[in-house]
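Spelled out, the chains give:
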Amino acid sequence: MDKMKKKKHQDDPKGGNAIFLSVSPLKALTLHLICGVGLGLAFWVAEHIYAVDLITHPSQTLRLISVFLAPIVILLYSHLRHDRSQCSYVKAIGRGLLALPAGAVVNAAGAAILGAPVGFEYFPKTLNWSLLMSLLTFVPAACVFGSSWTDWHRVFAKTKTNGSTDCMICLPAHGAVIGAWFGAWPMPLDWESPWQEWPICVTYGAIAGYLVGLVASLGCIFFRKRQQYLKEE
């Protein structure tokens, strides 16, 4: 991994200081490219090796994508953990693994509240969709922030980013949620198309929003780096 510079110290709610690391634009670009390519490869493996896709076999395809993408996301974002003085790389990986099912429960509950179909026949689809959504939203934050409620609230509730790692977590996660919401719009329409079934179009929307969030976060990081460079001049 490329070297990361210490950005600043911030008071930790548990006491002491948490060391924040400033990620270079090149490092952020590399991480996002790996995540994007990994997502694309997961679809390729599902279609060309297992002969399944979201429309014909949504549950199996979502499960394959999650299994393929989970180690990539957890291993990469664990390197960006904020509290490096108190949290080892292995512990950050453990936080990501624990956040995967926890985030899935939250995403499944949110989907049900917003009108997702509920029933035994939909359970496998909802479960596997929720695991993928957890990877796109909760897991990166858990690897980086751990249980720091201050950071979670600042990034997800206030959408206030203090550094490059915050941008790398905040924008893709919000993009995935907003994309899923827009992706649900065609579901009640009477077009009778197979891709309107739950959770196919919602998944496509979430992935599209996530990719837009990756690009937006890179733009934000490059812009901030440019502003910093101009100030130093």
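Quick caveat: nothing in here was measured; it's all calculated off a predicted structure. Residue positions are given per chain, counted from 1 along the sequence in the order it is written. Reporting in this predicted model follows two pLDDT cut-offs: at least 70 for local features of residues, and 80 or more for side-chain atom pairs to be given and counted; totals over whole chains, interfaces and linings ignore these cut-offs and use all residues. Hydrogens are left out, water is left out, and the side-chain values use all remaining heavy atoms of the structure.

Engineer: Describe the nonpolar core, listing the residues and the values that go with them.
Structural biologist: Within the largest apolar cluster, 50 residues are counted, with the highest numbers of intra-cluster contacts made by Tyr 77, Trp 129 and Val 139. Numbered from the N terminus, helices here are DSSP runs of H or I no shorter than four residues, and strands are runs of E no shorter than two. Of all the secondary-structure elements, those providing two or more residues to this core are α1 (25–48), α2 (58–78), α3 (89–113), α4 (123–145), α5 (149–157), α6 (164–183) and α7 (200–232). Each residue touching Tyr 77, except ones within four places of it in the same chain, is listed here: Leu 31, His 32, Cys 35, Pro 140, Cys 143, Val 144, Met 168 and Ile 169. Only buried Ala, Val, Leu, Ile, Met, Phe, Trp, Tyr and Cys residues count toward a nonpolar core, and they belong to the same one when joined by side-chain atoms within 4.5 Å. Burial classification: accessible surface area is computed with a 1.4 Å probe over protein chains only, and a residue below 20% of its type maximum counts as buried, one above 50% as exposed, and the rest as partly exposed. The criterion used for residue contact is that any of the two residues' heavy atoms lie within 4.5 Å.

Engineer: Tell me about the pattern of salt bridges, residues and numbers included.
Structural biologist: In what follows, salt bridge is the name for a side-chain nitrogen of Lys or Arg lying within 4 Å of a carboxyl oxygen of Asp or Glu. What the rule picks out here adds up to three salt bridges. Between Arg 95 and Asp 83 there is a salt bridge, with the nearest N and O atoms lying 3.2 Å from each other. Here the residue Arg 95 occupies a position in helix α3, and Asp 83 occupies one in the loop between α2 and α3, the gap between them amounting to twelve residues. Across the pair, exposure class does not vary: Arg 95 and Asp 83 are buried alike. With a closest N to O distance of 2.4 Å, Asp 166 and Arg 154 form a salt bridge. You can see Asp 166 sitting in helix α6 and its partner Arg 154 sitting in helix α5, a full twelve residues away along the chain. Both residues of the pair, Asp 166 and Arg 154, count as buried. Here the salt bridges share partners, and the residues they tie into one network are Asp 151, Arg 154 and Asp 166.

Engineer: So what about the UniProt feature "transmembrane region" (unreviewed entry) in the chain? Which residues, and what values?
Structural biologist: UniProt positions are given in the numbering used here, feature names are shortened, and annotations may be inferred rather than shown by experiment. According to UniProt, the feature "transmembrane region" (unreviewed entry) maps to residues 29–50, 62–80, 92–115, 127–146, 167–184 and 204–223 in the numbering used here. Here residues 62–80 is 89% helix and 0% strand, with 26 Å between the C-alpha atoms at its ends. Annotated as residues 204–223, this span is 100% helix and 0% strand, and its ends, taken at the C-alpha atoms, are 29 Å apart.

Engineer: Let's hear about the confidence of the model for the chain: which residues, and what values?
Structural biologist: In regions of low pLDDT, the predicted coordinates are not meant to be interpreted in detail. Known as pLDDT, the predictor's per-residue confidence is scaled from 0 to 100. In this model, the chain carries an average pLDDT of 88, and 88% of its residues clear a pLDDT of 70 or more. Per-residue pLDDT stays below 50 along residues 1–19; that stretch engages in 47 contacts with residues further than four places along the chain or on separate chains.

Engineer: Any details on a nonpolar patch on the surface? Residues and values, ideally.
Structural biologist: Each patch is built from salt-bridge-free residues with over 30% relative accessible area, joining like charges within 9 Å and nonpolar side chains (Val, Leu, Ile, Met, Phe, Trp, Tyr) within 5 Å. Values of accessible area rely on a 1.4 Å probe in the Shrake-Rupley scheme; residue burial ignores everything except the protein chains shown. Taken together, the side chains of Val 37, Leu 41, Trp 44, Ile 49, Tyr 50 and Phe 68 define a hydrophobic patch exposed on the protein surface, amounting to about 600 Å² of accessible area. In terms of residues, the nonpolar patch owes the most to one element, α1, which gives three residues. In this structure, Trp 44 sits in helix α1.

Engineer: Could you give an account of the layout of surface pockets, naming the residues involved and the relevant values?
Structural biologist: Empty space among the atoms can be located by rolling a probe the size of a water molecule over them. Reported here for the largest pocket is a volume of approximately 590 Å³. Whether a set of points on the 1 Å grid over the protein atoms alone is a cavity depends on a 1.4 Å probe fitting there but being unable to get out, while an open set qualifies as a pocket with protein on both sides within 12 Å along at least five of seven lines; lining residues are those with an atom within 4 Å of a point. Lining the largest pocket are 23 residues, and of these Gly 110, Ala 111, Leu 114, Trp 129 and Val 177 sit closest to its centre. Mapped by element, the contributors of at least two residues to the lining of the largest pocket are α3, α4, α5 and α6. With five residues, the single largest contributor to the lining of the largest pocket is α6. Grid points are joined across faces, edges and corners, and a volume is the space filled by probe spheres set on the points.

Engineer: Please provide a residue-by-residue account of the packing of α3 against α4, values included.
Structural biologist: Interaxial angle, 0 to 180 degrees, is taken between N-to-C directions of lines fitted to C-alpha atoms, where a helix line uses only the stretch in contact. At their nearest, the axes of α3 and α4 sit 6 Å apart, and the two run at 135° to each other. On the basis of their axis angle, the class for α3 and α4 is oblique. Here α3 runs over α4; the crossing is right-handed. Considered class by class, the residues forming the contact of α3 with α4 number 17 nonpolar, seven polar and one charged. In this scheme, roughly parallel covers angles under 35 degrees and roughly antiparallel covers those over 145, while 65 to 115 is roughly perpendicular and the rest are oblique. Each crossing gets its handedness from the near helix: less than a right angle anticlockwise from the far helix is left-handed, clockwise is right-handed. Each residue gets one label: Ala, Val, Leu, Ile, Met, Phe, Trp, Tyr, Cys and Pro are nonpolar, Asp, Glu, Lys and Arg are charged, and the others, such as Gly, are polar.

Engineer: Got a sec to walk through α3? Specific residues and values, please.
Structural biologist: Compared with an ideal rise of 1.5 Å per residue, which puts 25 residues at 36 Å, α3 spans 36 Å between its outermost C-alpha atoms and is within 8% of the ideal. Two axes define the bend at a residue: one fitted to the seven residues ending there, one fitted to the seven starting there, and the bend is the angle between them. Approximately 30° is the largest bend angle found in α3, and it occurs at Ala 99, with the proline Pro 101 only one to four residues beyond. For α3, the set of buried residues is Ala 92, Ile 93, Arg 95, Gly 96, Ala 99, Leu 100, Gly 103, Ala 104, Asn 107 and Ala 111. Gly 115 lies just past α3 and shows a positive phi near 115°. The span one expects for a helix is its residue count, reduced by one, times 1.5 Å.

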